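An overview of the molecular structure
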Amino acid sequence: MPAHTNRLIDESSPYLRQHAHNPVDWYPWGDEAFTRARAENRAILLSVGYSACHWCHVMERESFENPAIAALMNDHFVNIKVDREERPDLDHIYMNAVQLLTGRGGWPMTVFLTPDGKPFYGGTYFPPEDRHGMPGFPRLLTAIADAYRNRPDEIRTSVGEMHARLAALETHASGGDLPGIDAVRAAAAQLAGAVDSEYGGIGTAPKFPNSGAFDLLLRGEPRQAELALLTLRRMAEGGVYDQLGGGFHRYSVDQRWLVPHFEKMLYDNAQLVPLLLAAYQASGEALFARVARQTLDYVRREMRDPGGGFWSTQDADSEGEEGRFFVWSADEIMQRLGAEAGELACRYWDVTAAGNFEGHNILHVTLSVAQLASLCHRDAAEVQQVLDTVRATLFAAREQRPKPALDTKVLTAWNGLMISAFARAAEVFGDDAYRQTALDAVAFIEREVQRGDRLLSTWKGGVAKLNGYLDDYVFLAAGLLDVFEAVQDRTYLEKAARLMDSAVAHFWDQDGGGFFFTSDDHEQLIVRSKPALDGSIPSGNSVAALTLLRLSHLLDRADYRSRAEAILRLFAEPMQAQPFGFAAMWAAVDFLGTGPREIAVVGDPADPATAALLVRIRQTYLPNRTLLVLDPASSAPRPALLAGKRAIDGKPTVYVCHRMTCSAPATEWGVVAALLT
């Protein structure tokens, strides 16, 4: 093996390949590493991160590229590097261990394991020397190696205790009462009490998007919905939103959404777009529509594989500095724009000579266009036109800078989320380009990662690999349902059902209920997880519950409903004990308890009158609904509830069913609108 080239050079993950020239003798996760650890009775040093993680880059520069520290690692451990985005199964297990050990988690994650994969010590970032109360990494390595070699009884005791605690986390008592609407309201009220009433978001700092929580609040009473709208306004105005290029950064380190961690993750933007669309439907505020469009356009421009799938992440760093690509100086803006337009831009985005981030400026909005126009004694429409030109000019200038790196692997689960975003945008905006983007992504997934009724989890450079996880199946099934409602091609409905049937066959716990995260033919790990808590993405069990409920109404499948109810019963107790971790599951409870509006539009899809009715329906905020367009000339099967429904007097006709009762046929929008409330 050439000097300073390790086994990661043969991996497809961009994150793993970033470490291929470290002096650390890295292994990918697999039999080779564990065989050596067992043969030599060495502890394993497991390092987990992802390509857009700023502190992962820092620890690499400080420790993994340091020959002396690398020598310590190589002398005492078998070193395994894992991309958490490729192996969420491993990340979940070992992050639980780190949180049990330290009370907190994050990336980079550093865990020490026995040769059979069981953890006995761990943490997150470690500096190269003692600093801020943290032990230096070399001192930690020496201490762990000494303990493993000289105090094996202590290690065995620690391993046994940790394994028991990890197994307990995955054990859930079954048979609880099914939560109802009163429980949903109580959970929403508790969430609302934690919202910052000035800047929005949960708590003070750092602030994360928490899309599921704000989706739940938007469904709630008017005061709760306004907290969701406030949060989205503040995020859209803040530095956490890329004011020039569109798209949201990972999270804000401060209370005001000003200073972000600059990486952009596909999953954040995929979840925020439907939330923005719902906010637009609920409020009519143009801001939400504009930001949703700009975010989708960013994804199409910068995060889309030529084959149609979506890439994973955009890095925080460029030219070795966090955020360098995104920040500006006042001088640069004035030089690019000239005095008059430059002053307007600096006022609008609060750009100063002193800056707001390490001597530079993160663009953020501190006053409305109307307020700016009033200050400048100019017409608001004229000011908006100038700002549009300014935004385009600065964006073009920024495009000339060295760009942050992209992680161009395609993850099936995250693509499912983004397919949902584009499909819902196609519905709300009637945008054919968004519709085609969703269809192209579905075709990519089916072509590149689907094998019959099974899925692979990740694709890069023409190679798909790794057994699909629960999230891959249920997020994609949910995306296919959204595509079905957008294009009304029953093929997508049937594809969604087949994926959920496959998930039931390979992931369902026949004894305890609920879905495991890994399939019945997956590599055996130290525990088989059954996650229900939302993290940066919703839990697979939450999405599965809602998807099964939607399918049960669209396909008259009582078995789907019963499995969804089993999930909600299984997790009823922890849901009510800690509603913050179960927002997505509460949405499923809301769908079940409220009952969806089942909307059937009977009319020729090519008739402009049918299209006009559909536009109005699709722009109405209805978080719990199903939509079927029934062509009178079609012989396609219909749910029993809609059997015999027909167009009245040759006009497109709407039937709205709720709780097994259908309305009289309606052909005028005013009547239809009343039925939807």
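This text goes with the structure placed above it.
Summarised in this report is the structure supplied together with it. Remember, it's a predicted structure, so these values are computed and weren't measured experimentally.

Calculation rules
- Residues numbered from 1 in each chain as written.
- Predicted model: local features only at pLDDT ≥ 70, side-chain atom pairs only at ≥ 80, totals over all residues.
- Heavy atoms only, no water.
- Helix = DSSP H or I, 4+ residues; strand = E, 2+ residues; numbered from the N terminus.
- Rg over C-alpha atoms; globule rule 2.2 N^0.38 Å.
- Contact = heavy atoms within 4.5 Å.
- Areas by Shrake-Rupley, 256 points an atom, 1.4 Å probe, with all protein chains shown as cover.
- Axes fitted to C-alpha atoms, helices over the stretch in contact; angles between N-to-C directions.
- Parallel < 35°, antiparallel > 145°, perpendicular 65-115°, else oblique.
- Left-handed = near helix turned anticlockwise from the far one by under 90°.
- Nonpolar A, V, L, I, M, F, W, Y, C, P; charged D, E, K, R; others polar.
- Core = buried A, V, L, I, M, F, W, Y, C linked by side-chain atoms within 4.5 Å.
- Buried < 20%, exposed > 50% of the residue type's maximum accessible area, 1.4 Å probe, protein only.
- Pairing = 2+ DSSP bridges.
- Right-handed = clockwise from strand over helix to strand, strands pointing away.
- Disulfide = S-S within 2.5 Å.
- Phe/Tyr/Trp six-rings, centres within 6.5 Å; stacked < 30°, edge-to-face > 60°.
- Expected span 1.5 Å × (residues − 1).
- Polar contact = N/O pair within 3.5 Å; in protein donor to acceptor, adjacent residues only side chain to side chain.
- Salt bridge = Lys/Arg side-chain N within 4 Å of Asp/Glu carboxyl O.

Side note on the overall build of the chain
Counting its regular elements, the chain contains 26 helices and 20 strands. What you see for the chain is a C-alpha radius of gyration of 26 Å, in line with the 26 Å of a compact globule of 677 residues. Each principal axis of the C-alpha distribution contributes one length, and for the chain these read about 85 × 70 × 45 Å. Contacts in the chain between residues far apart in sequence, at least 24 positions, make up 67% of those at least 6 positions apart. With an accessible surface of roughly 26,100 Å², the chain has 51% of that area assigned to carbon and sulfur atoms.

Let's talk about the packing of helix α4 (residues 67-76) against helix α6 (residues 137-150)
Taken N-terminus to C-terminus, the directions of α4 and α6 make an angle of 10°; their axes are 10 Å apart at the nearest point. Classified by the angle their axes make, α4 and α6 are roughly parallel. For the element pair α4 and α6, the recorded crossing hand is left-handed. Touching I69, L72, M73 and H76 of α4 are F137, P138, L141, T142, A145 and R149, all from α6. For the contact of α4 with α6, the class distribution of residues is 7 nonpolar, 2 polar and 1 charged.

Looking at the nonpolar core
Formed by 161 residues in total, the largest nonpolar core has its most connected members in M73, F137, M418, F515, L551, I567 and W586. In contact with F515, not counting residues within four places along its chain, are L470, M500, A503, V504, F507, W508, K530, N541, A544, L548 and I567. One finds I93, A97, L166 and L525 within the second-largest nonpolar core, a separate group that totals 25 residues.

Thoughts on the pairing of strand β16 (residues 463-467)
Bridge count for strand β15 (residues 454-460) against β16 is 4 bridges, and the pairing is antiparallel. By the bridge assignment for β16, W459 is matched with A464.

Remarks on the pairing of strand β18 (residues 625-630)
Of all the 6 residues making up β18, 6 are buried; the element is thus mostly covered by neighbouring parts of the structure. Every second residue of β18 is oriented toward a common face, with R625, L627 and V629 on one face and T626, L628 and L630 on the other, all of them buried. Tracing the backbone out of strand β17 (residues 597-602), into helix α25 (residues 608-618) and back to the parallel element β18 gives a crossover that is right-handed.

Quick notes on the state of the cysteines
Scanning the model with the defined rule gives 2 disulfides in all. The disulfide bridge from C53 ends at C56, spanning 2.3 Å between sulfur atoms. Between C53 and C56, the S-S dihedral sits near 80°, and the bridge is therefore right-handed. Each member of the pair, C53 as well as C56, is classed as buried. If one numbers only the bonded cysteines of the chain, in the order they occur, the disulfide pattern is 1-2, 3-4. Sulfur of C346: no disulfide; nearest cysteine sulfur belongs to C376 and is 12 Å away. Take C376: its relative accessible area is 23%, and that puts it in the partly exposed class.

Details of unusual backbone geometry
Residue P108 follows W107 across a cis peptide bond; omega there is 5°. Structurally, the position occupied by P108 is in the loop between α5 (88-102) and β4 (109-113). That bond from A205 to P206 is cis: its omega, -5°, falls within 30 degrees of zero. Considering the arrangement of structural elements, one finds P206 in the loop between α8 (181-192) and α9 (211-218). You will see that H377, though not glycine, has its phi angle at about 55°, which is positive. Looking at the element boundaries, H377 is found in the loop between α15 (369-376) and α16 (380-398).

Points about the packing of aromatic side chains
Two measures describe an aromatic ring pair: the distance that separates the ring centres and the angle between the ring planes. Within the structure shown, the criterion is met by 25 aromatic pairs. Residues F112 and Y121 carry aromatic rings whose centres are separated by 6.4 Å and whose planes lie at 40° to one another, so their mutual orientation is tilted. The class for F112 is buried, based on a relative accessible area of 0%. Note on Y121: relative accessible area 33%, which makes it partly exposed. On the numbers, 5.8 Å between centres and 10° between planes, the contact of F262 with F326 is stacked. Here F326 lies in the loop between β11 (321-322) and α13 (330-337) and F262 lies in the loop between β7 (260-261) and β8 (264-265), a separation of 64 residues in the sequence. Comparing F262 with F326, the two get one shared label, buried.

Observations concerning the sheet that holds strand β9 (residues 313-314)
Taken in spatial order, the 3 strands of this open sheet run β8-β9-β12, and their pairing is antiparallel. Two strands bound the open sheet, and with one partner strand each, they are β8 and β12 (406-407). For β8 and β9, the ladder comprises 2 bridges, and the chain directions are antiparallel. In the sheet register, K264 faces β9, and the bridge partner there is Q314.

Side note on the sheet that holds strand β20 (residues 661-662)
As summarised here, the arrangement of the 4 strands in space is β18-β17-β19-β20, forming an open sheet in which the pairing is mixed. Each edge of the open sheet is held by one strand with a lone partner, namely β18 and β20. Pairing between β17 and β18: 6 bridges, direction parallel. Considered in β18, the bridge of A600 is made with L628.

Details of helix α10 (residues 222-237)
Quick reminder: α-helices carry 3.6 residues per turn. Residues three or four places apart thus point the same way. Over its 16 residues, α10 extends 22 Å from the first C-alpha to the last, a length consistent with the 22 Å expected when each residue adds 1.5 Å. Within α10, burial applies to Q224, A225, L227, A228, L229, L230, T231, L232, R233, M235 and A236.

Observations regarding the side chain of Q271
Relative to the helices and strands, Q271 resides in helix α11 (residues 266-283). A residue is classified by how much of its surface remains accessible, and Q271, at 16% relative accessible area, is buried. A polar atom in the side chain of Q271 sits 2.9 Å from the backbone oxygen of S536. Sequence-distant contacts of Q271, defined by excluding residues within four places in its chain, comprise S211, S536, I537 and P538.

Brief notes about the side chain of E565
Relative to the assigned elements, E565 resides in helix α22 (residues 558-570). Judged by relative accessible area, which is 16%, E565 ranks as buried. Excluding its chain neighbours within four sequence positions, the residues that come into contact with E565 are L178 and L592.

Concerning the pattern of salt bridges
Scanning the entire structure with this criterion turns up 55 salt bridges. Between R42 and E40 there is a salt bridge, with its nearest N and O atoms 2.8 Å apart. Residue R42 is classed as buried on the basis of its relative accessible area, which comes to 17%. Between D388 and R391 there is a salt bridge; the shortest N-O distance is 3.6 Å. Note that D388 and R391 are positioned in helix α16 at a spacing of 3 residues, about one turn of the helix. R391 sits in the buried class, given a relative accessible area of 12%. Each of R7, D25, E32, R36, E40 and R42 takes part in salt bridges that share partners, so that together they form one network.

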